[in-house]
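Secondary and tertiary structure notes
So you can see what is in the structure, the chains are spelled out below.
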Amino acid sequence: AYSFAHSVSEYPAKSYNPLYIYSDVGLGKTHLMVAIGNRILEINKNYRVLYLTTNDLMKEYVEYTRLNKVSEFTKKYTSVDILLIDDIQYITRWGGTREQFYYIFNKLIQMEKQIVICSDKHPDNIPDLEHRIKSRFEWGGLVDILHYDLEGRIAILKKKIDERKKFFKNDFQIPEEVIYFLASSIKDNIRKLEGALNRLIGFANLKFSDTSKNIITLSFAKEALKPFISLSKKETTVKGIQEFIAQKYNIKQTDLVSKSNKQDIARIRIVETRAPI
């Protein structure tokens, strides 16, 4: 994703146009999109760069329609050099806005203006997205942002801890075991990970404001982060797996573990044995 974004920021409308970036929430799509716009403006100060969300586009279209100035709305968006539009997965909610966006999109592409789109879904997974626009989204560059691995999450936490030392009264020491606990417990959302760190430091400030204590222990972190992290993990057992499979295929658990070699039972055993974990 970084490579695609860097290429677009250096050579707008020449490399990947449109650039479509998608990922789960909290992984940095918007940050990356804004960085593209900022970099383009550093290199080309006269470029007209516009960032907005799909919801912003809808509200503005409604207002221009109310004032009977739809032509001005269209002119505004077809006169930019770079269009950065976020949360495109919502475009199918509004018929009029959708049609206007299709027109603006095609016009900008024809004029060789750069478009960058962000979404939390692959185009194929956006409900009711018409084939004509779906295929256009896939013209240029289609790239996802993957989840950070454990090492990446630890590195992010350490960087955020260093940043926060400048803003909080107490210079708390957060041991490696606490950082590992955070990074290994929150895997799917960097925004949530940062929120957990903020909560932890906030609780420490409150708890130790009248003391000289400045070390955040693992037990304190677990107590402070109960709303963020579930500490009780359900144990996976053979019996539990059997019950799940029996329910999934609407068969008796006793049939699943019996010596029966009936075709339907044997097939289920084979399918579930080969299923990816």
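Residues numbered from 1 in each chain as written. Predicted model: local features only at pLDDT ≥ 70, side-chain atom pairs only at ≥ 80, totals over all residues. Heavy atoms only, no water.

Assigned secondary structure in the protein chain consists of 13 helices and 5 strands. At 25 Å, the protein chain has a C-alpha radius of gyration far larger than the 19 Å of a compact globule built from 277 residues. The C-alpha extent of the protein chain, read off along each of the three principal axes, is 70 × 70 × 35 Å. For the protein chain, the proportion of its 277 residues judged to be buried stands at 38%. Long-range contacts, defined as pairs at least 24 residues apart, comprise 72% of the intrachain contacts of the protein chain with a sequence gap of at least 6. Split by element, the accessible area of the protein chain, about 16900 Å² in all, is 51% carbon and sulfur. Positive and negative side-chain charges of the protein chain, numbering 44 and 34 respectively, have mean locations separated by a distance of 2 Å. (Helix = DSSP H or I, 4+ residues; strand = E, 2+ residues; numbered from the N terminus. Rg over C-alpha atoms; globule rule 2.2 N^0.38 Å. Buried < 20%, exposed > 50% of the residue type's maximum accessible area, 1.4 Å probe, protein only. Contact = heavy atoms within 4.5 Å. Areas by Shrake-Rupley, 256 points an atom, 1.4 Å probe, with all protein chains shown as cover. Lys, Arg positive; Asp, Glu negative; His and termini not counted. Charge placed at Lys NZ, Arg CZ, Asp CG, Glu CD.)

Summary statistics for the protein chain give a mean pLDDT of 84 and a share of 92% for residues scoring 70 or more. Mean pLDDT across the elements of the protein chain bottoms out in helix 13 (residues 263–274) (70) and peaks in strand 3 (residues 82–86) (95). (pLDDT = per-residue confidence, 0-100.)

Where helix 1 (residues 2–10) is concerned, the buried positions are A5, S7, V8 and S9. As for helix 1, its buried residues are in contact with strand 1 (19–22), helix 2 (29–43) and strand 4 (114–119).

What follows covers the pattern of salt bridges. All told, the structure shown has 14 salt bridges when counted by the stated rule. Between E42 and R39 there is a salt bridge, and its shortest N-O distance comes to 3.0 Å. Within this pair, E42 and its partner R39 are both found in helix 2, separated by 3 residues, close to a single helical turn. Two residues, E194 and K160, come together in a salt bridge whose shortest N-O distance is 3.9 Å. (Salt bridge = Lys/Arg side-chain N within 4 Å of Asp/Glu carboxyl O.)

The residue L32 is located in helix 2 in this model. Using a relative accessible area of 17% as the deciding quantity, one classes L32 as buried. Each C-alpha atom, one on L32 and one on P227, is 29 Å from the other, the two residues being 195 residues apart in sequence. With near-sequence residues (within four places) excluded, L32 lies in contact with A1, A5, I21 and I145.

Looking at where L27 falls in the secondary structure, it is placed in the loop between strand 1 and helix 2. With a relative accessible area of 6%, L27 lands in the buried category. Measuring from C-alpha to C-alpha, the distance between L27 and I186 comes to 13 Å, with 159 residues separating the pair along the chain. Among all residues touching L27, those that are not within four sequence positions of it are I145, L146, H147, Y148, D188 and I190.

Below, the discussion takes up the sheet that holds strand 2 (residues 49–53). The strand order across the open sheet formed by 5 strands is 2-3-4-1-5, and the pairing between neighbours is parallel. What marks the edges here is a single partner per strand, and that holds for strand 2 and strand 5 (141–144). Pairs of neighbouring strands in the sheet enclose a mean axial angle of 15 degrees, with direction left out of account. Of the pairings in the sheet, the one linking strand 2 to strand 3 comprises 5 bridges and is parallel in character. Its bridge partner being in strand 3, L52 is matched across the sheet by I85. (Pairing = 2+ DSSP bridges. Axes fitted to C-alpha atoms, helices over the stretch in contact; angles between N-to-C directions.)

Within this structure, the stated rule accounts for 10 aromatic pairs. Measuring from ring centre to ring centre gives 5.7 Å for F105 and F137, while their planes differ by 70 degrees; the resulting arrangement is edge-to-face. Of the two residues, F105 sits in helix 5 (residues 95–110) while F137 sits in helix 6 (residues 131–137), which places them 32 residues apart along the sequence. In textbook terms, an aromatic cluster arises when at least three aromatic residues are bridged by ring pairs, as seen for Y20, Y22, F101, Y102, F105 and F137. (Phe/Tyr/Trp six-rings, centres within 6.5 Å; stacked < 30°, edge-to-face > 60°.)

What follows is about the nonpolar core. With 41 residues, the main nonpolar core has I21, I36, V116, I174, L182 and L200 as its most contacted residues. Element by element, the count of residues in this core is highest for helix 9 (residues 190–207), at 7 residues. Residues contacting I174, with those up to four places away along its chain left out, are I161, I179, L197, I201 and I216. The next biggest cluster of nonpolar side chains, apart from the first, holds 25 residues, and it includes I88, I115, L129 and F137. (Core = buried A, V, L, I, M, F, W, Y, C linked by side-chain atoms within 4.5 Å.)

For the rest of this paragraph, the subject is the side chain of S9. Tracing the chain through its elements places S9 in helix 1. According to the relative accessible area criterion, S9 is buried, its value standing at 4%. For S9, the residues in contact, after removing those within four places along its chain, are I36, R39, I40 and I43.

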